[in-house]
Amino acid sequence: MITTLIVVAVVVAILVGLGALLIKTMWRVAEPNEALVISGAGAVGGELSGQGDAETPTYKIAVGKGALVIPGLQTVRKLSLNARKADLAVQTVTSQGVPVSVRGVVVYKVGNTPREIANAASRFLGEDVQTMETTVHEVFSGHLRSILGGLTMEEIIRDRARLASETRGSSAEEMETLGLKIDSLQIQEVDDPSGYISNLAAPHQAAVERDARIAAAEANRAATEKEQAAAAAAAKAVADSEIAQSQVKAQADTARSQAEQAGPLAQAQAQKQVVVEQTEVAKLEAARREMELQTETVKPAEADRDARIAAAEAKARETELEAAATAKKVEIEAGANAKRVEIEAAAQARATEQTGLAKAAATRATGEAEAAATAAKLTAEAEGIEKRAAALEKNNEAVIAQTLAEQAPDLVRAAAESFRGIDNLTVLNGAEGMSGMAGEVMKLGLGVMPLVQQVLRNGGGNNGEKPPDD
Amino acid sequence: MIDHVESEIGRVTGRVAPGVVGEVRIPYKGGTETFHAYAWDAGETIEVGTEIVVIERVGPRTVKVAVLREEEQS
């Protein structure tokens, strides 16, 4: 019984060990950088299976995990997904026809999508790594040649994006077919036998060289300017120093000369003062003598002159006064004479006037008497005329006037006769007196006019006598 | 692991234009991978740096992409 249990336990242990060993040998795990390609009976793994067509056997791909492989029925191969590189060296021409020799490197790996792994597995699995590298090298040398032929030299050197684009454009399809992915294409070295690249650089080099020479020249000029300025400043400092020294020396000489001159100068000044004093004394002497002269000669002469002037003036005054007295006397005498003549004339005039007036009164009386006589005569005539007119029915006023007018000069003349008796008529009132006298004559003449008219109207025709004719 | 890249959003790393093979970088299996890319609208040009969305996968490592618009992003 106990031995049976032991046997069973041992058998179980052996079976467990065998089972574990079996699992260990059947369960295969893929590393991160590799893919397991499992082929054989029933090796179809869902979405991870290869996309083979009907004629292509399908297989199972495991990336980054384990898979059960049935020994004897299935086989498993590993496909490395590591990056690989292939060195390239081609000689070609650029799109400008410039010959170049290019050395580059392409980094590639098996793509990690299942389809790329399947493509790669169907082409490279079982081959060694060297085969894959050789294939890629050959393929890519041709591609690089065509890529470079489509680019210019400048693009090859500078334009990485363009290079990558050209690489994809020429090799993408082929690489996918091979299940490979290009990680990087690098141009490592461009050999330029024609010197194109160095010529590209020539303008820049020339510009740089020009700038360098300009900079050097300017620096040199600036330095020279500074040096010359410094030299000029130094020379000026020296000159200033000499000038200052000369000035000081001149001042010293001046001072020394002044000191040397001080003695003689003082002496000369003292002498000058002496001369000044002597001159002053001479002036005073001259003044004194002038004063003496004034006192001795001029003053007596002046006194004499003044006395004579006074005498002349007194005499002139005297004469003047005498003349004045004489003139006054003459004037008074003349005045007295004039007065006397005037009084005599006045008296004579008054006498004459009285005489005239008396004569005039006499004449007037005579005239008036004659006038009255005439008037009476005329009245008588007038009454005669009036009576005649009445007798002759109607006597016209015009006839009266005409008669009167005819008689008027006679009347006036008759009146003027009154003045004929006056021998010497003295007119006292001038022009007024003259007109007064004429008026008097007219009054005498005309004063009888109304009387005449009255006579003519009333008794003109009574006596029928005409006025007397002259 | 799902081997789908459709509707993934990525960025252009090589100019996509007619006559050239572009390149885009999109998330793939926890990391990012570069894929060869063509424009979904033939004739369209997509400059480097533009955000794109993958429309269709046409090869093991080739996709067709379109520019990601604002409305597709939200």
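Each remark here, short or long, concerns the structure printed above.
Note that this is a predicted model, so its numbers are computed, not measured.

Parameters and conventions
- For every chain, the first residue of the written sequence is number 1, and numbering continues from 1 onward in sequence order.
- Here the convention is simple: chains get letters from A, ligands get numbers from 1, in the order in which they are written.
- The model is predicted, so local features are restricted to residues of pLDDT at least 70 and side-chain atom pairs to those at 80 or more, both for listing and for counting; the totals for chains, interfaces and linings are taken over all residues.
- Side-chain figures throughout are based on the complete set of non-hydrogen atoms in the structure, without hydrogens or water.
- Numbering goes from the N terminus for both helices and strands, where a helix is a DSSP run of H or I of at least four residues and a strand is a run of E of at least two.
- Under the scheme applied here, a residue whose accessible area is under 20% of the maximum for its type counts as buried, over 50% as exposed, and between as partly exposed, the area being computed with a 1.4 Å probe on protein chains only.
- Note on definitions: a residue-residue contact is assigned when non-hydrogen atoms from the two residues lie within 4.5 Å.
- Using a 1.4 Å probe, accessible areas were evaluated by the Shrake-Rupley method; residue-level cover was limited to the displayed protein chains.
- When DSSP finds two or more bridges between two strands, those strands count as paired.
- Between N-to-C directions, angles cover 0 to 180 degrees, with each direction set by a line fitted to C-alpha atoms, over the stretch in contact for helices.
- Here the buried area means the combined drop in accessible surface, using a 1.4 Å probe, for two parts upon being joined, counting both sides.
- What makes a salt bridge here is a side-chain nitrogen of Lys or Arg within 4 Å of a carboxyl oxygen of Asp or Glu, nothing more.
- N or O atoms closer than or at 3.5 Å make up a polar contact, with two conditions inside protein: a donor-capable atom paired with an acceptor-capable one, and, for residues adjacent in sequence, both atoms drawn from side chains.
- Basically, the charged four are Asp, Glu, Lys and Arg, the nonpolar ten are Ala, Val, Leu, Ile, Met, Phe, Trp, Tyr, Cys and Pro, and anything else, Gly included, counts as polar.
- In summary, the pairing rule links any two rings of Phe, Tyr or Trp, Trp by its six-membered ring, whose centres are within 6.5 Å, and it sorts them by plane angle into stacked for under 30 degrees, edge-to-face for over 60 and tilted for everything else.
- Here, over-ring charges are defined by two tests on the NZ atom of lysine or the CZ atom of arginine: distance to the ring centre within 6 Å, and angle to the ring normal within 35 degrees.
- Without a salt bridge and with relative accessible area above 30%, a residue can belong to a patch; like charges are then joined within 9 Å and nonpolar side chains (Val, Leu, Ile, Met, Phe, Trp, Tyr) within 5 Å.
- By convention a nonpolar core is built from buried Ala, Val, Leu, Ile, Met, Phe, Trp, Tyr and Cys residues, the set being connected through side-chain atoms within 4.5 Å.

## So, the overall build of chain B
In terms of regular secondary structure, chain B is built from 1 helix and 5 strands. Within chain B, the fraction of its 74 residues that count as buried is 46%. In chain B, 49% of the contacts between residues at least 6 apart in sequence involve partners at least 24 apart. Of the roughly 3,800 Å² of accessible surface on chain B, a fraction of 50% belongs to carbon and sulfur atoms.

## Considerations on the overall build of chain A
Across its full length, chain A carries 9 helices and 8 strands. Across chain A, the fraction of contacts at a sequence separation of at least 24, relative to all contacts at a separation of at least 6, is 80%. Counting only carbon and sulfur atoms, one obtains 58% of the accessible surface of chain A, whose full area is about 31,000 Å².

## Topic: the pairing of strand E1 (residues 9–14) of chain B
All names here are of chain B. Here E1 runs beside strand E4 (residues 51–59); their pairing, made up of 3 bridges, is antiparallel. Paired with Ile9 across the two strands is Val53, which belongs to E4. Sheet topology places E1 next to strand E2 (residues 22–28); 3 bridges connect them, and they run antiparallel. Bridging across to E2, Arg11 finds its partner in Arg25.

## What about the sheet that holds strand E7 (residues 99–110) of chain A?
All names here are of chain A. Spatially, 3 strands are ordered E6-E7-E8 in an open sheet, and the strand pairing comes out antiparallel. Only two strands of the sheet have a single neighbouring strand rather than two, namely strand E6 (84–93) and strand E8 (180–191). If you compare each strand with its neighbour and ignore which way they point, the axes differ by 25° on average. Inspection of the sheet shows E7 paired to E8 by 10 bridges, in the antiparallel sense. Looking at E8, one finds that Val102 is bridged to Val190. Contacts from helix H3 (residues 129–149) reach E6, E7 and E8, with the element oriented near 35° to E6.

## Some points on the interface of chain A and chain B
Contacts between the two partners involve 15 residues from chain A and, on the opposite side, 20 residues from chain B. Across the chain A/chain B interface, buried area totals approximately 1,500 Å², and carbon plus sulfur atoms make up 47% of it. Taken as a group, Arg115, Arg168 and Glu176 of chain A account for 39% of the area that chain A buries against chain B, more than any other trio of residues on that side. If you look at where chain A meets chain B, you find 2 salt bridges. Glu116 of chain A is the salt-bridge partner of Arg61 of chain B, the closest N and O atoms lying 2.6 Å from each other. Counting every contact that joins chain A to chain B gives 8 residue pairs in polar contact (both at pLDDT 80 or more). The element that contributes the greatest number of residues to the side of chain A that touches chain B is helix H5 (residues 160–178) of chain A, accounting for 6 residues. Classifying every residue of the side of chain A that touches chain B by side-chain character gives 2 nonpolar, 6 polar and 7 charged.

## Notes on the environment of Thr152 of chain A
All names here are of chain A. Examined against the element boundaries, Thr152 turns out to sit in the loop between H3 and helix H4 (153–158). Residues Thr152 and Gln96, 56 residues apart in the sequence, show an inter-C-alpha distance of 6.1 Å. Residue contacts for Thr152: discarding those within four places in its chain leaves Thr94, Ser95 and Gln96.

## Focus: the packing of aromatic side chains
Residues and elements named next belong to chain B. Under the definition given, this model contains 1 aromatic pair over all chains. Relative to Phe35, the ring of Tyr28 has its centre 5.8 Å away and its plane inclined at 65°; by these criteria the two rings are edge-to-face. Lying across the ring of Phe35, Arg61 places its NZ or CZ 5.3 Å from the centre.

## Re a nonpolar patch on the surface
Residues and elements named next belong to chain A. On the surface, a cluster of nonpolar side chains totalling about 1,100 Å² of accessible area is made up of Met1, Ile2, Leu5, Ile6, Val7, Val10, Val11, Ile14, Leu15, Leu18 and Leu21. Inspection of the secondary structure assignment puts Leu21 in helix H1 (residues 2–26). Judged by its relative accessible area of 53%, Leu21 falls in the exposed class.

## Observations concerning the nonpolar core
Ranked by size, the top nonpolar core spans 35 residues in total, and within it Val110 and Leu180 of chain A carry the most contacts. Ranked by residue count, the leading element in this core is H3 of chain A, at 6 residues. Excluding residues that lie within four positions of it along the chain, Val110 of chain A makes contacts with Leu79, Ser80, Leu81, Glu116, Ile117, Ala120, Met132, Gly179 and Leu180 of chain A. Residues Val5, Tyr28, Ala39 and Val54 of chain B belong to the second largest nonpolar core, which totals 15 residues.

## Thoughts on the pattern of salt bridges
For the structure on display, the rule yields 22 salt bridges over all chains. A salt bridge links Glu189 of chain A to Arg103 of chain A, with the shortest nitrogen-to-oxygen separation between them at 3.5 Å. Of this pair, Glu189 of chain A sits in strand E8 while Arg103 of chain A is found in strand E7, placing the two residues 86 residues apart along the sequence. What makes Glu189 of chain A partly exposed here is its relative accessible area of 43%. Residue class for Arg103 of chain A comes out partly exposed when judged on its relative accessible area of 39%. When the shortest N-O distance is used, the salt bridge between Arg221 of chain A and Glu225 of chain A registers 3.0 Å. Pair noted here: Arg221 of chain A and Glu225 of chain A are both in helix H6 (residues 196–391), with a separation of 4 residues, about one helical turn. On the basis of relative accessible area, Arg221 of chain A is assigned to the partly exposed category, the value being 47%. The class of Glu225 of chain A is partly exposed, set by a relative accessible area of 45%. Put simply, Glu116 of chain A together with Glu33 and Arg61 of chain B are held in one network by salt bridges that share partners.

## Regarding the sheet that holds E4 of chain B
Strand pairing in a sheet relies on backbone hydrogen bonds, with the paired strands running either antiparallel or parallel. Residue and element names in this part refer to chain B. Here 5 strands make up a closed barrel; going around it, the order is E1-E2-E3-E5-E4 and the pairing mixed. Each strand axis lies, on average, 50° off the axis of its neighbour in the sheet, ignoring direction. Two elements, E4 and strand E5 (residues 62–67), share 6 bridges in a ladder whose sense is antiparallel. Each bridged residue has a counterpart across the sheet, and for Glu56 the counterpart in E5 is Lys64.

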